[in-house]
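Descriptive analysis of the structure
Residues per chain, in single letters:
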Amino acid sequence: MKISAEMCAQVLTAAGDIASRNESYREAERLYLDALDHVVESYGPNSFQAASLCAHVSVTMRMQGKISESTEYMRRADDINQAHQKAYAEPAILDLLLSL
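Below or above, wherever it landed, is the structure these notes cover. Just so it is clear, the model here is predicted, and its values are computed rather than measured.

Let us look at the nonpolar core. Tyr32, Leu36, Val39, Ala50, Leu53 and Ala77 are the most contacted members of the largest nonpolar core, which totals 19 residues. Of all the elements in the fold, those that place two or more residues in this core are helix H1 (5-21), helix H2 (25-43), helix H3 (48-63) and helix H4 (67-83). Examining the composition of this core, we find that seven residues originate from one element, H3, more than from any other. Those residues in contact with Tyr32 that lie beyond four places of it in its chain are Thr13, Gly16, Asp17, Ser20, Leu53, His56, Val57 and Thr60.

The following block contains the structure:
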């Protein structure tokens, strides 16, 4: 049985959420980045799903002290949202942006 990229992304994102809640930020970052690869495959690089995961990656990087990398991912999330003329449309992204 073949699992879709979309399903893989959902499972990896959920696992990343658990790792992040447990303050295992390195593991969360890896899981979110893997999920981002699957999201890009399923929805494209400029999808809202990609923006959401970029925001999650940004936060996990920031928690590890990777400030410049964190900023790059948050900018990508913001650029995607602005490109769709729905800047900050997802409450989770707005919360993450405001927390920086």
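Following the structure, the description resumes.
For the rest of this paragraph, the subject is H3. For H3, spanning 16 residues, the distance from its first C-alpha to its last is 23 Å, which sits close to the expected 22 Å at 1.5 Å a residue. Buried within H3 we find Ala50, Ala51, Ser52, Leu53, Cys54, Ala55, Val57, Ser58, Val59, Thr60 and Met61. Positive backbone phi, approximately 85°, marks Gly65, located one or two places after H3.

Turning next to unusual backbone geometry. One non-glycine residue, Glu23, lies in positive phi territory at about 60°. By secondary structure assignment, the location of Glu23 is in the loop between H1 and H2.

Tracing the chain through its elements places Thr60 in helix H3. Residue classification places Thr60 among the buried residues on the basis of a relative accessible area of 1%. Other than its neighbours up to four places away in sequence, Thr60 contacts Ser20, Tyr25, Ala28, Glu29 and Tyr32.

The subject of this paragraph is the packing of H1 against H2. Orientation of H1 relative to H2, taken along the N-to-C sense of each, is 160°, at an axis distance of 8 Å. Between H1 and H2, the interaxial angle falls into the category roughly antiparallel. As for the relative orientation of H1 and H2, their crossing is left-handed in sense. Across from Ala5, Glu6, Cys8, Ala9, Leu12, Thr13, Ala15, Gly16, Asp17, Ala19 and Ser20 in H1, the residues of H2 making contact are Tyr25, Glu27, Ala28, Leu31, Tyr32, Asp34, Ala35, His38, Val39, Glu41, Ser42 and Tyr43. Taken together, the residues of the contact of H1 with H2 break down into 13 nonpolar, five polar and five charged.

Rules used in this analysis
- Residues numbered from 1 in each chain as written.
- Predicted model: local features only at pLDDT ≥ 70, side-chain atom pairs only at ≥ 80, totals over all residues.
- Heavy atoms only, no water.
- Core = buried A, V, L, I, M, F, W, Y, C linked by side-chain atoms within 4.5 Å.
- Buried < 20%, exposed > 50% of the residue type's maximum accessible area, 1.4 Å probe, protein only.
- Helix = DSSP H or I, 4+ residues; strand = E, 2+ residues; numbered from the N terminus.
- Contact = heavy atoms within 4.5 Å.
- Expected span 1.5 Å × (residues − 1).
- Axes fitted to C-alpha atoms, helices over the stretch in contact; angles between N-to-C directions.
- Parallel < 35°, antiparallel > 145°, perpendicular 65-115°, else oblique.
- Left-handed = near helix turned anticlockwise from the far one by under 90°.
- Nonpolar A, V, L, I, M, F, W, Y, C, P; charged D, E, K, R; others polar.

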